[in-house]
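# Inside the fold
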Amino acid sequence: FPVTICPFGALISGHWADRFGRRNVLLFRITLMSISTMAIGCLPTYTMVGYLSPVTLIACRILQGYAVSTEYSGCGTYLLEFSKQRRGLLSGIVTSASGFGIFGASLFMLCFQSHWRLAFILAGLLAGGLGIYFRRHLAESPEFLEIQQTHQIKPFPFFALLREHPRALCRGLLIAIYAGVAILVIEVYLPSYLQTHVGMSREAALKISTWLSLCEALCAIFFGAMSDRFGFSRTIFVAAGGMLLGVFPCFWLFHLSAVFAWGLGVFLFAVLVGAMDGPMSAYLVGLFAGGDRKSVV
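Everything quoted here is computed from the prediction, not taken from an experiment. (Residues numbered from 1 in each chain as written. Predicted model: local features only at pLDDT ≥ 70, side-chain atom pairs only at ≥ 80, totals over all residues. Heavy atoms only, no water.)

## A short note on the nonpolar core
Of all hydrophobic cores here, the largest spans 36 residues; its most connected members are Leu194, Met243, Phe269 and Met276. Breaking this core down by element, the ones donating at least two residues are α10 (166-198), α11 (202-230), α12 (232-253), α13 (259-277) and α14 (280-287). Top element by residues in this core is α10. It accounts for nine residues. Once residues within four sequence positions are removed from consideration, Met276 is found in contact with Tyr178, Ala179, Ala182, Ile236, Ala239, Ala240 and Met243. (Core = buried A, V, L, I, M, F, W, Y, C linked by side-chain atoms within 4.5 Å. Buried < 20%, exposed > 50% of the residue type's maximum accessible area, 1.4 Å probe, protein only. Helix = DSSP H or I, 4+ residues; strand = E, 2+ residues; numbered from the N terminus. Contact = heavy atoms within 4.5 Å.)

Structure follows, in structure tokens:
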């Protein structure tokens, strides 16, 4: 449900961010994510309330999907509008946050496998609470303030984007879709694949996914910094070509009964995804003017 809702939530959140500011939308979304995550940990069981239990769970997941929409692009846009130097490195740091987040979530699952409710409650309290605290004290983006002060805010940013930047929009969408598919395959589908087709235990697959997320986050920072020297688009396109050629050999490595082969597969996947995703935020932000940036995602 979160993946399905994300594109629609992104259009809504992007519209509000271009109309009323980056900071306000960032604060609202982290608050919504915190509440919906904690609510999942507190849901009554089916034996207690019947069909209301799964319906409530679906509702919470829909809220999570809306809350996470444009989170990556929103943070990237906000930070990159403050900085004109080392934008690739900053983009890699923003990207690495999702990898570190998945790493932390995987560790939570390993530690609280028999207490999943506690994991959701703690995640909502700790991550959500810290996020709300820090975002309450954020200043608004200087580029948005400039647009606001010069009365250049567009009433319908998405339609202005379609009218004024159709080629850039198509280019950004295609690259973002390709990167999104690669990330979902490697960080979401891989644990299931390892259990179903390789015969790994759930715990072993989760451990591999955990280390992959950590390695990918570190690679995103490294290749984001490298893109400042070699260019955002060149780094992304080389990594995308490498992913196209290397995805099947990397999956094949996990079929070998050797820890070294598994480690090599994790490393290669981390390099390919990190190199493609690290400079992504800087590349997308550079395609559009300030008043149209959030609406693209």
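Once the structure has been displayed, the description carries forward.
## Description of the pattern of salt bridges
Going through the model one piece at a time under the given rule, you end up with five salt bridges. Glu164 is the partner of Arg163 in a salt bridge, and the nearest nitrogen-oxygen pair spans 3.7 Å. Among the residues examined, Arg163 registers a relative accessible area of 58% and is labelled exposed. Within the structure, one salt-bridge network assembled from shared partners comprises Asp18, Arg22 and Glu81. (Salt bridge = Lys/Arg side-chain N within 4 Å of Asp/Glu carboxyl O.)

## Quick look at the side chain of Glu216
Turning to its location among the elements, Glu216 is positioned in helix α11. The charged side chain of Glu216 is buried without a salt bridge, its nearest counter-charge being Arg135 at 17 Å. With sequence-adjacent residues up to four places away left out, Glu216 is seen in contact with Thr95, Gly99, Glu187, Ala270, Val273, Gly274 and Asp277. (Lys, Arg positive; Asp, Glu negative; His and termini not counted.)

## Let's talk about a nonpolar patch on the surface
Among the surface-exposed residues, Leu11, Ile12, Trp16 and Phe20 lie close enough to one another that they form a single nonpolar patch of about 380 Å² accessible area. With respect to the secondary-structure elements, Leu11 resides in helix α1 (residues 2-20). (Patch = residues over 30% accessible without salt bridge, like charges linked within 9 Å, V, L, I, M, F, W, Y side chains within 5 Å. Areas by Shrake-Rupley, 256 points an atom, 1.4 Å probe, with all protein chains shown as cover.)

## Overview of helix α8 (residues 142-149)
Within α8 the residues assigned to the buried category are Glu143, Phe144 and Ile147. Along the axis of α8, the buried positions cluster into a sector of 100 degrees, meaning they face one direction only. Pointing more than 90 degrees away from the buried face of α8 are the exposed residues Glu146 and Gln149. (Arc of directions from axis to C-beta.)

## Details of the packing of aromatic side chains
Applying the stated criterion to the full structure yields 11 aromatic pairs. When the ring of Tyr189 is compared with that of Tyr193, the centres are 5.8 Å apart and the planes differ by 55 degrees; the resulting orientation is tilted. Of this pair, Tyr189 and Tyr193 are both found in helix α10, four residues apart, which corresponds to roughly one turn of the helix. With relative accessibility at 15%, the residue Tyr193 sits in the buried group. An angle of 15 degrees between the planes, with centres 6.2 Å apart, marks the rings of Phe254 and Phe269 as stacked. Of this pair, Phe254 sits in the loop between α12 and α13 while Phe269 sits in helix α13, placing them 15 residues apart in sequence. Assigned by exposure class, Phe254 and Phe269 land together as buried. An aromatic cluster of three or more residues is present, and its members are Tyr189, Tyr193, Phe251, Phe254 and Phe269. (Phe/Tyr/Trp six-rings, centres within 6.5 Å; stacked < 30°, edge-to-face > 60°.)

## Points about unusual backbone geometry
Of note, Arg86 is a non-glycine position whose phi angle comes to about 45 degrees, a positive value. Tracing the sequence through the fold places Arg86 in the loop between α5 (71-80) and α6 (87-111). A relative accessible area of 48% places Arg86 in the partly exposed class.

## So, the side chain of Arg23
Within the secondary structure, Arg23 is located in helix α2 (residues 22-41). Buried charge without a salt bridge: Arg23, with Glu140 as the nearest opposite-charge side chain at an N-O distance of 6.5 Å. When residues no more than four places from it in sequence are discounted, the contact partners of Arg23 are Arg135, Arg136, Leu138, Ala139 and Glu140.

## Brief notes about α6
Counted at 1.5 Å a residue, the expected span for α6 with its 25 residues is 36 Å, and the 36 Å between its end C-alpha atoms agrees. All of the buried residues in α6 are Arg87, Gly88, Leu90, Ser91, Gly92, Val94, Thr95, Ser96, Gly99, Phe103 and Ser106. Contact partners of the buried residues in α6: α5, α11, α12, α13 and α14. (Expected span 1.5 Å × (residues − 1).)

## Quick notes on the packing of α12 against α13
Interhelical geometry of α12 versus α13 gives an angle of 160 degrees and a closest axis separation of 8 Å. Classified by the angle between their axes, α12 and α13 sit roughly antiparallel to one another. The two elements α12 and α13 meet at a crossing, and its hand is left-handed. The segment α12 lies against α13, with Thr235, Ile236, Ala239, Ala240, Gly242, Met243, Val247, Cys250, Phe251 and Leu253 engaging Ala261, Trp262, Leu264, Gly265, Leu268, Phe269, Leu272, Val273, Ala275 and Met276. (Axes fitted to C-alpha atoms, helices over the stretch in contact; angles between N-to-C directions. Parallel < 35°, antiparallel > 145°, perpendicular 65-115°, else oblique. Left-handed = near helix turned anticlockwise from the far one by under 90°.)

Geometric values such as these leave the question of function open.
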